[in-house]
Amino acid sequence: MIEAYNPTGKTTLADVIAAHAASNPSGMAFIAGGETLSWPQYRDYSDMLAAAFIAMGLQPGECIGILMPDGAGVHVAFVACEKAGVIGVGISGRAGRAEIEHLLRVTGAVAFLSTMQMHDHDTLQLVAELKAQGFPLRHHVLMPDQIHGDVFIDGKNAAALATQSARAQIETRRAGPEDVFLLNTTSGTSGMPKCVQQHQSRWYKFAECAELASELNPSDVFLCAVPASVGFGMWTGHFAPTLLGSPTVMLPKFSTTDLFEAIQTHKVSVLAAVSTQFIMMLNDPDLEKYDLSSLRVMFTGGEAVPYERAAQFEERTGASVLQFYGSNETGALCYT
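Residues numbered from 1 in each chain as written. Predicted model: local features only at pLDDT ≥ 70, side-chain atom pairs only at ≥ 80, totals over all residues. Heavy atoms only, no water.

1. Observations concerning helix α4 (residues 97-107)
In step 1: By the burial criterion, the buried members of α4 are Ile-100, Glu-101, Leu-103, Leu-104 and Thr-107. An end-on view of α4 places all buried positions within 165° of arc, on one side of the element.
In step 2: One or two positions beyond α4, positive phi appears at Gly-108, with a value near 65°. (Buried < 20%, exposed > 50% of the residue type's maximum accessible area, 1.4 Å probe, protein only. Helix = DSSP H or I, 4+ residues; strand = E, 2+ residues; numbered from the N terminus. Arc of directions from axis to C-beta.)

Shown next, in the form of structure tokens:
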């Protein structure tokens, strides 16, 4: 089914989003708390941001650091990078100052995209200090805390910058399925995060494996409880549900209570969570208070999955526990 969206190997996620916007205009791409982003809104928001990137002078192949909470906004930013032909640098929302500086330095990022506040970072102050230190940050893209708020670039409204002339350049600038559109980060063993080049074709194949493993279908509702900046978050939040036309429920800040309520409210059927998260679910005494019967599969991993706890999760929820073996660098090598 997923393969049908890319029969020639030339389709990009932007194409798929546009197709959903045309065929399912009332369908939801993302649900985050009380806010939603429909397929047409996803298309239009990423168009506007991509045109603003072009208008502000970002050149094809230049890098933009992206420090965002887990929500619809970070996925809009990734698609905007694809459309503008620039390369996003996915920075973990939990990154400290040293990690942020390291990633901006090694990628040579010339712009920074963030919300006003990220954990203990005042990003306006952060960018000012980085510029004073000599970082070549020409622009700061300030994203709203709410999905439908205004975007500002260097204090100017991004929508006003996204002229028709800039929008017309998207078709010739946008990345293809084999072009690098993202550098995502992985911790490794040396202390500082490393960058991994990502193109779309590998994630199409990953999503196809997931479909085979769990019989994914468009009626599924996904909940991605892992960061968008890592490989696990890429295929469960950015690619697989979009390729299927399924909605993705987002938790800007993880807690077991918010997770239980989201699964119950939105009838989530596919959960993506690392082992620590699903064990927290099992350890929460309120687990039995919620109706989690909609869950049919949980993808987990990131470390050796404890067999007894995984079996317990299956017994308590009725969902199958599945996992991939692979890495950000290699993609999927095998799966259950």
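From this point, the discussion proceeds with the structure in view.
2. So, the sheet that holds strand β14 (residues 248-250)
In step 1: One open sheet holds the eight strands; their spatial order is β2-β1-β14-β13-β15-β16-β17-β18, and the pairing between them is mixed. Of all the strands in the sheet, just β2 (35-38) and β18 (331-335) have a single pairing partner and so form its edges. Averaged over all neighbouring strand pairs, the angle between strand axes comes to 25°, with direction disregarded.
In step 2: Examined bridge by bridge, strand β15 (residues 270-272) and strand β16 (residues 297-300) share three bridges and lie parallel to one another. In the sheet register, Val-270 faces β16, and the bridge partner there is Val-297.
In step 3: Seen against the sheet, helix α10 (residues 231-244) touches β1 (28-32), β13 (222-224), β14, β15, β16 and β17 (320-327) and runs at an angle of roughly 160° to β13. (Pairing = 2+ DSSP bridges. Axes fitted to C-alpha atoms, helices over the stretch in contact; angles between N-to-C directions. Contact = heavy atoms within 4.5 Å.)

3. Examining the pattern of salt bridges
In step 1: Scanning the model with the defined rule gives 12 salt bridges in all.
In step 2: With a closest N to O distance of 2.8 Å, Arg-97 and Glu-129 form a salt bridge. With Arg-97 in helix α4 and Glu-129 in helix α5 (residues 123-132), the pair connects residues that are 32 residues apart, well separated along the chain.
In step 3: A relative accessible area of 28% means that Arg-97 is categorised as partly exposed.
In step 4: The exposure class assigned to Glu-129 is partly exposed, which follows from its relative accessible area of 30%.
In step 5: As a salt-bridge pair, Glu-288 and Arg-316 come within 2.8 Å of each other at their nearest N and O atoms. (Salt bridge = Lys/Arg side-chain N within 4 Å of Asp/Glu carboxyl O.)

4. Digging into the side chain of Asp-284
In step 1: Position of Asp-284 among the secondary structure elements: in the loop between α12 (275-283) and β16.
In step 2: Among the polar contacts listed, one links the side chain of Asp-284 to the backbone nitrogen of Asp-286, at a separation of 2.8 Å.
In step 3: For Asp-284, the contacting residues outside a window of four places in its chain are Thr-256 and Phe-260. (Polar contact = N/O pair within 3.5 Å; in protein donor to acceptor, adjacent residues only side chain to side chain.)

5. Observations regarding the nonpolar core
Side chains of a nonpolar character, in soluble globular proteins, are inclined to be buried together.
In step 1: Formed by 73 residues in total, the largest nonpolar core has its most connected members in Leu-49, Phe-53, Leu-113 and Val-141.
In step 2: With 10 residues, helix α2 (residues 39-55) is the largest single contributor of residues to this core.
In step 3: Filtering out sequence-adjacent residues up to four positions away, Val-141 remains in contact with Leu-49, Phe-53, Met-56, Ile-64, Phe-112, Leu-113, Ser-114, Val-151, Phe-152 and Ile-153.
In step 4: Core analysis: the second largest hydrophobic core is formed by 26 residues, Val-268, Leu-287, Tyr-290 and Ala-310 among them. (Core = buried A, V, L, I, M, F, W, Y, C linked by side-chain atoms within 4.5 Å.)

6. Brief notes about unusual backbone geometry
In step 1: For Asp-154, which is not glycine, the phi dihedral falls at a positive 55°.
In step 2: Here Asp-154 lies in the loop between β9 (152-153) and β10 (156-157).
In step 3: Take Asp-154: its relative accessible area is 40%, and that puts it in the partly exposed class.
In step 4: Here Glu-215, not a glycine, exhibits a phi torsion of approximately 55°, which is positive.
In step 5: For Glu-215, a relative accessible area of 64% gives the class exposed.

7. So, the pairing of strand β5 (residues 111-114)
In step 1: Side-chain alternation along β5 places Ala-111 and Leu-113 on one buried face and Phe-112 and Ser-114 on a second face that is also buried.
In step 2: Pairing analysis gives four bridges linking β5 to strand β8 (residues 139-142), with the strands arranged parallel. Following the sheet pairing, Ser-114 is matched in β8 by Leu-142.

8. Concerning the packing of α4 against α5
In step 1: Two elements in contact, α4 and α5, have axes separated by 12 Å at closest approach and are oriented at 55°. Classed by the angle they form, the pair α4 and α5 counts as oblique. Judged by the twist between their axes, the crossing of α4 over α5 is right-handed. Residue-level contacts link Arg-97, Ile-100, Glu-101 and Leu-104 of α4 to Leu-126, Glu-129 and Leu-130 of α5.
In step 2: Partitioned by chemical class, the residues of the contact of α4 with α5 number four nonpolar, no polar and three charged. (Parallel < 35°, antiparallel > 145°, perpendicular 65-115°, else oblique. Left-handed = near helix turned anticlockwise from the far one by under 90°. Nonpolar A, V, L, I, M, F, W, Y, C, P; charged D, E, K, R; others polar.)

9. Details of the packing of aromatic side chains
In step 1: This structure, assessed with the given rule, holds 15 aromatic pairs.
In step 2: Ring centres of Trp-203 and Phe-206 lie 5.3 Å apart, and the angle between their planes is 25°; this geometry places the pair in the stacked category. You can see Trp-203 and its partner Phe-206 sitting in helix α9 (residues 200-214), three residues apart, about one turn around the helix. Residue Trp-203 shares its accessibility class with Phe-206, and that shared class is buried.
In step 3: Measuring from centroid to centroid gives 4.9 Å for Trp-235 and Phe-299, while their planes differ by 85°, and the two rings are edge-to-face. (Phe/Tyr/Trp six-rings, centres within 6.5 Å; stacked < 30°, edge-to-face > 60°.)

In short, the description is geometric, and any link to function would need to be established separately.
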